[in-house]
Amino acid sequence: MSTATAFAEAPAVAAEVIAQIKAVVGDAGWSQDPGRVDPKLTEWRGKWKGHTPLLVLPKSTEEVSKVVKICYDNGVAITPQGGNTGLVGGQIPFGEILISLERMKTVRDVAPTDDTMVLESGLTLLEAQQIAEGANRYFPLSLAAEGTATVGGVISTNAGGTAVLRYGVTRDLVSGLEVVLPTGEIFNGLKRLRKDNTGYDLKQMFIGAEGTLGIITAASLKLFPIMNSRSVAIVGFESSQKAIDLLVRAKQETGGTVEAFELMGRYGLSLVLKHIPDTREPLSAEYPWYALIEVASGDPEGASAAMERLLEAAFEEELVLDAAIAQNETQAAEFWRLREDHSAAEKAEGAAWKHDVSVPLSRMAEYMEEGDKAIQAFLPGARLVAFGHVGDGNVHFNVILPEGMDAGEFNAMRDAGSKVVHDLAHAYEGSISAEHGLGRMKTQEALQYKDPVAVAAMQAVRQALDPKRIMNPHVLF
Ligand SMILES: Cc1cc2nc3c(=O)[nH]c(=O)nc-3n(C[C@H](O)[C@H](O)[C@H](O)COP(=O)(O)OP(=O)(O)OC[C@H]3O[C@@H](n4cnc5c(N)ncnc54)[C@H](O)[C@@H]3O)c2cc1C
């Protein structure tokens, strides 16, 4: 585990400021007990362990506002935290006051007629999905960490997940926000309107801001009709290009009802089968590439009919080598596990350099081929695990250490190795962070690739809202 010194440290916070914050939130609203605080200081994979002079657990927007104002007046830095599932270290404090939204879990409103629900930020993504379901509606954002990731966290990282292909990223699913600004003022933008052309769409600035422009305390989220049928299949291909060709075909063939199209290379799948209990080979033979495809329809028979039509056409055109359609929900869940357990399987296999890149779909197959060659040239024997939401042009292009190599030696090469992957993504008009954000981990590196005019504009916005730079000061530009 990296030590706290790996990241810039916030200055010490005066005892008087700590006392003022404690008085605002009362005894249930803060903690300095290591048993309570430590789990919030350690990143999910154990990659970083931070520290904080005070964990604050406000229970209302007013409390957040008062605490932030105290911090602003005294120039004290803050790190906001939701479920602590972020993968780039943005939620881990290194001396900042840690504000957790975990007690802010009120369902403020559910309005099926407006197709919106207004939720406080501390509710988990899974709870949000269940609240929507309770109102006979569907909230489509879904990702492997949904039992822990929060509404505030997924909005602050503009999370993607498995249904982006059909419904878009979090940015597309938010109709309004309530945010405590760095000065402590409350921006009340909890609109549930689909249309509002009265100037800048300010909420979009806070989405994906990784806690640098304020603390999101509540959100108005868009709801969709529940789908009455779903069909899940696993398909084998001889090349990643064939998988992409099928995706293009699938979008046409199914009238835009493909919800997920997840690509997996054989090596990654073999690690899942090796390390994750109760998993089994999905097809009768091994293939170089696989895709997990999910189609959903409002028509009770629609999804399986669309899937069968699609696969029939794909076999005829020799796009696919083999396919299995899940016969029931248990089998569909088994197929999904093969995709979702990739991270856990990689972790069990050994040290890895993780990447979260996107490139235009039309260049994806070529990018992965060239990336493989470039990594082999850089570190012969490195093992590539490529998987991800390829429907969105997003791939986790991860590199596991060569067999027999010392993990310390491999980790020491991480920055140079990642540069190979990221330089190539940039050359292919891509992004070095398609999903997880920049956090503390990638902010400096991103400066090499980001348009300087965009960086200057972002800095100007931040300076206007947070002239003392108290909000997550070492995250973003
Ligand atoms: C197993 C696993 C699978 C994942 N899969 C995906 C995936 O498919 N797609 C994807 O996009 N991401 C994925 N992620 C990462 C994803 O970013 C997080 O899961 C999620 O979006 C973060 O939510 P959180 O509540 O845990 O936020 P945290 O980790 O607590 O915080 C993340 C960032 O948001 C800020 N923040 C948190 N809450 C607030 C708030 N209320 N106001 C202002 N700032 C705030 C923090 O300061 C930090 O910078 C995955 C993570 C894991 C562990």
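Residues numbered from 1 in each chain as written. Predicted model: local features only at pLDDT ≥ 70, side-chain atom pairs only at ≥ 80, totals over all residues. Heavy atoms only, no water.

Trainee: Explain helix α11 (residues 329-340) to me, please; I cannot follow it from the model alone.
Mentor: Because an α-helix packs 3.6 residues into every turn, residues spaced three or four apart end up facing the same way. The end-to-end C-alpha separation of α11 is 16 Å, in line with the 16 Å expected for 12 residues at 1.5 Å each. For α11, the full list of buried residues reads A332, F335, W336, L338 and R339. The buried residues of α11 occupy an angular sector of 150° when projected down its axis, which confines them to one face. Between the side-chain oxygen at the start of α11 and the backbone nitrogen of T330 there is a gap of 3.3 Å, and the oxygen is on N328. (Helix = DSSP H or I, 4+ residues; strand = E, 2+ residues; numbered from the N terminus. Expected span 1.5 Å × (residues − 1). Buried < 20%, exposed > 50% of the residue type's maximum accessible area, 1.4 Å probe, protein only. Arc of directions from axis to C-beta. Polar contact = N/O pair within 3.5 Å; in protein donor to acceptor, adjacent residues only side chain to side chain.)

Trainee: What am I meant to see in the pattern of salt bridges here?
Mentor: Oppositely charged side chains can pair when the atoms bearing their charge come close. The final tally for this structure, using the stated rule, is 31 salt bridges. We note a salt bridge from E346 to K354, for which the minimum N-O separation is 2.6 Å. Judged by its relative accessible area of 26%, K354 is partly exposed. Notably, a salt bridge pairs E370 with K373, separated by 3.2 Å at the nearest N-O pair. Of the two residues, E370 and K373 are both situated in helix α13 (residues 364-378); the distance of three residues between them amounts to about one turn of the helix. Three or more residues are tied together by salt bridges with common partners; here these are R166, R230, E259 and E294. (Salt bridge = Lys/Arg side-chain N within 4 Å of Asp/Glu carboxyl O.)

Trainee: What exactly am I supposed to notice about unusual backbone geometry here?
Mentor: If a residue is not glycine, its phi is most likely negative; likewise, a peptide bond is most likely trans. Backbone geometry places E429, a non-glycine residue, at a positive phi of 60°. Tracing the backbone shows E429 in the loop between α15 (414-427) and α16 (439-446). A positive phi is found at L476, a non-glycine position, where the angle reads about 60°. Relative to the assigned elements, L476 resides in the segment after α17 (452-465).

Trainee: Would you explain the side chain of R266 in this entry?
Mentor: Within the secondary structure, R266 sits in helix α9 (residues 266-275). Of the residues examined, R266 reaches a relative accessible area of 15% and is grouped as buried.

Trainee: What should I look at first to understand α9 in this one?
Mentor: Every buried residue of α9 is listed here: R266, G268, L269, L271 and V272. On its buried face, α9 sits against β11 (258-265), β12 (289-297), α11, α12 (342-349), β16 (383-388) and β17 (394-400). (Contact = heavy atoms within 4.5 Å.)

Trainee: It is not clear to me how the nonpolar core should be interpreted in this structure. Could you clarify?
Mentor: In summary, soluble globular proteins display a tendency toward joint burial of nonpolar side chains. Core analysis: the largest hydrophobic core is formed by 71 residues, its most contacted members being L246, I293, Y367, M368 and F397. Counting only domains with at least three residues in this core, you end up with domain 3 (229-343) and domain 4 (350-438). When near neighbours in sequence (up to four residues on either side) are disregarded, L246 contacts V235, F237, F261, I293, L310, A314, L319 and V320. In terms of nonpolar packing, the next biggest core, distinct from the first, is built from 34 residues, L119, L143, V154 and L213 among them. (Core = buried A, V, L, I, M, F, W, Y, C linked by side-chain atoms within 4.5 Å. Domains from an automatic or database assignment.)

Trainee: Can you walk me through the domain arrangement of the protein in this structure?
Mentor: How big an interface is tends to be stated in terms of the accessible area lost upon association of its parts. Along its sequence, the protein is organised into domain 1 (4-103), domain 2 (107-225), domain 3 (229-343) and domain 4 (350-438). With centres defined by C-alpha atoms, the gap from domain 2 to domain 4 works out at 30 Å. Opposite the seven residues of domain 2 that make contact, domain 4 presents seven residues. Taking both partners together, domain 2 and domain 4 bury about 510 Å²; carbon and sulfur atoms supply 44% of that area. On the surface where domain 2 and domain 4 come into contact, there are zero salt bridges. (Buried area = accessible area lost by both parts, 1.4 Å probe.)

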